[in-house]
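Okay, here's what each chain looks like letter by letter:
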Amino acid sequence: MWRAAVRALRGAGTGAGAPRAASGAAAAQLRRRLESELEEIRGAGTWKSERVIASRQGPHLRLAGGGAGACGGEEGSRCLPPVPCPCFSLSVPAGIINFCANNYLGLSSHPEVIRAAVEALEKFGAGLSSVRFICGTQSIHKDLEEKIARFHQREDAILYASCFDANAGIFEALLTPEDAVLSDELNHASIIDGIRLCKANKYRYKHMDMQDLEAKLKEAQKHRLRLVATDGAFSMDGDIAPLREICQLAHKYDALVFIDECHATGFLGPNGRGTDELLGVMDKVTIINSTLGKALGGAAGGYTTGPKPLIDLLRQRSRPYLFSNSLPPAVVGCASKALDLLMESNAIAQSMAAKTQRFRSKMTAAGFTISGKDHPICPVMLGDARLASVMAEDMLNRGIYVIGFSYPVVPKGKARIRVQISAVHSDEDIDRCVQAFTEVGRKHGALP
Ligand code: PLP
């Protein structure tokens, strides 16, 4: 893989259409520097390679190129024999069972979601060739914003190209040097970057540590406004922020609460509204940022929802909103249909919760430690980085696609394999995953 990257950088090939390598001393120096940086990443064992999927996103995947776990009958592939596919995708000759997408509700390939995208594409075109405030707002953008606000029971909402953008835009637009932001140390990178961009006073509290948050809130009393910022659910551990306690402290110290609901929207809480619904604090959280790129159809896009004057201000001041293209109609169509499906019924979310429960209880009974509680992110804690990596590889040999995480993505000594459950996994998929974990765990000494 890395050889291919270096070859690409060197500009392999000389024929028509072959990449041209820039000449000159500066370009040569840059190339040397980049190659040495890439070598460092490889040396540190943190190189991320990407498997290429040749089918739709879904519980069953086909990988391109006959690599490990690929199917399609290619010689040398290590696929499982085809099994009936209960997912919404077209007939994928079930190669591997996928346990590492954020497709929590399985809506990425839901036929109605796809149909809505095609209809929006045909009616509203491929894209707007414009930012929103010039000539890039269509009726579907306004409809989706209204629907998002209704879903979260908030006053208004604003769309972004991604939740990364929503997080990059909000803090700078809202907070000044007179204000303070208090952020959980394990917040998502996009929150960290968004906070870096703003000029507010910054406080970082220990992960979900309410004593530390209280101490920081006391310290921050001198500022005009205090904003506590936290992920609703943390993606590496599958743990859920103690929002009730955070809201109590926020009330006590006159602070606002912001939550990033990327790993909660659509499925946490009795009606899938998210962490605030799950923990009974919907009226206490002021601002929600979330994504359309995970449970809500999985295409792309993000948003902020909250008080109307805040949303109005973001439309005037938020840089990723002001200076980036409008969401493509097909993407808007997907998310809008996903929200319709969730507002009609909570059956899909409940089905995911039942699958999550099945996986967590069977894995615990088999002797594994699963971090977090009741969340479809189920980190199988292994401790040792090498063990996580060889077990994940061996799982793929058995047709189960999971990913091992180790330092620096997670703390040293806390290596794990992260499993993500989806509503469209069948009970049989879950049981096969548990069976494979048990076999692989015994083989590599993770289980007695
Ligand atoms: N916030 C959290 C907690 C996330 O996990 C992610 C995506 O990985 C993002 C924000 C960014 O979302 P998006 O993919 O819409 O940019």
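It should be emphasised that the depicted structure is a prediction, and the values quoted were computed from it without experimental measurement.

The immediate surroundings of the ligand are formed by 13 residues, with Cys-163, Asp-260, His-263, Thr-291 and Lys-294 found nearest. Within the backbone of Phe-164, one N or O atom sits 2.9 Å away from an oxygen atom of the ligand. The separation between an oxygen atom of the ligand and a polar side-chain atom of Thr-291 is 2.7 Å. For the ligand, whose unbound accessible area comes to 400 Å², protein coverage reaches 80%. The element contributing the most residues to the shell around the ligand is helix α6 (residues 163-174), with three residues.

Turning our attention to the pairing of strand β9 (residues 256-260). Within β9, four of the five residues are buried, which leaves it mostly tucked inside the rest of the structure. Sheet topology note: the strand β6 (residues 226-231)/β9 ladder contains five bridges and is parallel. Bridged to Val-228 within β9 is Val-257.

Bringing helix α9 (residues 243-252) into the picture now. Taken together, the buried positions of α9 are occupied by Leu-243, Ile-246, Cys-247, Leu-249 and Ala-250. Looking down the long axis of α9, one finds its buried residues gathered within 160 degrees of arc, a one-sided arrangement. Of the exposed residues in α9, those oriented more than 90 degrees away from the buried face are Gln-248, His-251 and Lys-252. Buried-residue contacts for α9 involve β5 (201-205), α8 (210-219), β6, β9 and α10 (275-278). In the segment just after α9, Asp-254 is the residue with positive phi, at about 55 degrees.

This paragraph deals with the packing of aromatic side chains. Scanning all chains against the criterion turns up five aromatic pairs. Taken together, Phe-359, Phe-368 and Phe-437 form an aromatic cluster joined through their ring pairs.

Looking now at the side chain of Asp-165. Here Asp-165 is to be found in helix α6. Arg-319 provides the closest opposite charge to the buried, salt-bridge-free Asp-165, at an N-O distance of 11 Å. If near-sequence neighbours (up to four positions away) are discounted, Asp-165 is found in contact with Tyr-160, Pro-320 and Ser-324.

Here the focus is helix α15 (residues 385-397). Between the first and last C-alpha of α15 there are 19 Å, a value that for 13 residues agrees with the 18 Å anticipated at 1.5 Å per step. The backbone nitrogen of Arg-386 lies 3.3 Å from a side-chain oxygen of the residue at the head of α15, namely Asp-384. Count one or two residues on from α15 and you reach Gly-399, which has phi positive near 85 degrees.

Another aspect to go through is the sheet that holds strand β2 (residues 96-98). Reading across from one edge, β1-β2-β14 is the order of the three strands in this open sheet, with mixed pairing throughout. Looking at strand neighbours, the two that pair on one side only are β1 (60-61) and β14 (400-401), the edges of this open sheet. As paired elements, β1 and β2 share two bridges and run antiparallel to each other. Paired with His-60 across the two strands is Ile-97, which belongs to β2.

What counts as what
- Residues numbered from 1 in each chain as written.
- Predicted model: local features only at pLDDT ≥ 70, side-chain atom pairs only at ≥ 80, totals over all residues.
- Heavy atoms only, no water.
- Near = heavy atom within 4 Å.
- Polar contact = N/O pair within 3.5 Å; in protein donor to acceptor, adjacent residues only side chain to side chain.
- Areas by Shrake-Rupley, 256 points an atom, 1.4 Å probe, with all protein chains shown as cover.
- Helix = DSSP H or I, 4+ residues; strand = E, 2+ residues; numbered from the N terminus.
- Buried < 20%, exposed > 50% of the residue type's maximum accessible area, 1.4 Å probe, protein only.
- Pairing = 2+ DSSP bridges.
- Arc of directions from axis to C-beta.
- Contact = heavy atoms within 4.5 Å.
- Phe/Tyr/Trp six-rings, centres within 6.5 Å; stacked < 30°, edge-to-face > 60°.
- Lys, Arg positive; Asp, Glu negative; His and termini not counted.
- Salt bridge = Lys/Arg side-chain N within 4 Å of Asp/Glu carboxyl O.
- Expected span 1.5 Å × (residues − 1).

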